[in-house]
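Breakdown of the fold
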Amino acid sequence: MTTGAPTSPYTARRRSSRLRRYLPLGLALWLVLEIWLLTLVAGAAGGPAVLLLLVAGLVAGSVVIKRAGRRAFQNLNEALRQGGSPARGGGNGLVMLGGLLLMIPGLVSDAAGLLLLLPPVQKAVSRFTENALEKRLRKAAPGSLGNVFQQVRMHQPDGRVVQGEVIREDRPEPGEYRPPLTR
């Protein structure tokens, strides 16, 4: 038995995002492409050559990630020693992503990882990512992450803040135990 106005099934369903809809299909296509390319290379150069390529990608990716992590740690230590805040990542995140892509078995991921190790590609990817993130933050609905800076500004001492108190009116049912809020 329901009470209130009936809801149509169309409005009750949540609409899934494009990413959630197409990500599994994209991953499946990527895996099929990787396997197909590995079989082509194995047919042309032989199985040991493919194994050598995969091991070389794993070793190169681990070296890249280790060096990028060490560089990021050194930059952090130097900034803290000088008393300032650490500078922007300097591309360490994209270098680590490139190393991770090198470590993933496959030729397409190796090519993408090698591309991410090039500084012009890093600059282009970081610029594209920053612009896309900024655009999404501008489109965000009020009360969400979009106006977080406005919310912080309103709580500064010189901002207008309405003083108030929240009073909970819901009482526990008889026999229901609620732990105290403070200890």
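Everything below is about the structure shown above.
Residues numbered from 1 in each chain as written. Predicted model: local features only at pLDDT ≥ 70, side-chain atom pairs only at ≥ 80, totals over all residues. Heavy atoms only, no water.

What follows covers the overall build of the chain. What the chain contains, in helices and strands, is 7 helices and 0 strands. Helices (α) and strands (β) of the chain occur, in sequence order from the N terminus, as α-α-α-α-α-α-α. Counting only residues that meet the buried cut, the chain has 13% of its 183 residues in that class. Expressed as a percentage of contacts within the chain between residues at least 6 apart in sequence, the contacts between residues at least 24 apart total 52%. Carbon and sulfur atoms form 64% of the exposed surface of the chain, whose accessible area is close to 15,800 Å². (Helix = DSSP H or I, 4+ residues; strand = E, 2+ residues; numbered from the N terminus. Buried < 20%, exposed > 50% of the residue type's maximum accessible area, 1.4 Å probe, protein only. Contact = heavy atoms within 4.5 Å. Areas by Shrake-Rupley, 256 points an atom, 1.4 Å probe, with all protein chains shown as cover.)

A contiguous patch of positive charge, built from Lys66, Arg67, Arg70 and Arg71, is present on the exposed surface. For arginine 67, the location among the structural elements is in helix α3 (residues 47-81). (Patch = residues over 30% accessible without salt bridge, like charges linked within 9 Å, V, L, I, M, F, W, Y side chains within 5 Å. Salt bridge = Lys/Arg side-chain N within 4 Å of Asp/Glu carboxyl O. Lys, Arg positive; Asp, Glu negative; His and termini not counted. Charge placed at Lys NZ, Arg CZ, Asp CG, Glu CD.)

Between its first and last C-alpha, helix α2 (residues 18-45) extends 39 Å over 28 residues, near the 40 Å set by a 1.5 Å rise per residue. Positive phi shows up at glycine 46, right after α2, with a value of about 105°. (Expected span 1.5 Å × (residues − 1).)

Here serine 109 is to be found in helix α5 (residues 107-116). A polar contact is formed between the side chain of serine 109 and the backbone oxygen of leucine 101, at a distance of 3.4 Å. There is a polar contact of 3.3 Å between the side chain of serine 109 and the backbone oxygen of glycine 106. Contacts of serine 109, omitting those with residues within four sequence positions, involve Trp30, Glu34, Leu101, Leu102 and Ile104. (Polar contact = N/O pair within 3.5 Å; in protein donor to acceptor, adjacent residues only side chain to side chain.)

It is the contact of α2 with α5, at a shortest axis distance of 7 Å, that shows an interaxial angle of 100°. Judged on the interaxial angle alone, α5 and α2 are roughly perpendicular. Here α2 contributes Trp30, Leu33, Glu34, Leu37, Leu38 and Val41 to the contact with α5, which in turn contributes Leu107, Val108 and Ser109. Residue composition of the contact of α2 with α5, by class: 7 nonpolar, 1 polar and 1 charged. (Axes fitted to C-alpha atoms, helices over the stretch in contact; angles between N-to-C directions. Parallel < 35°, antiparallel > 145°, perpendicular 65-115°, else oblique. Nonpolar A, V, L, I, M, F, W, Y, C, P; charged D, E, K, R; others polar.)

Purely geometric numbers; function is a separate question.
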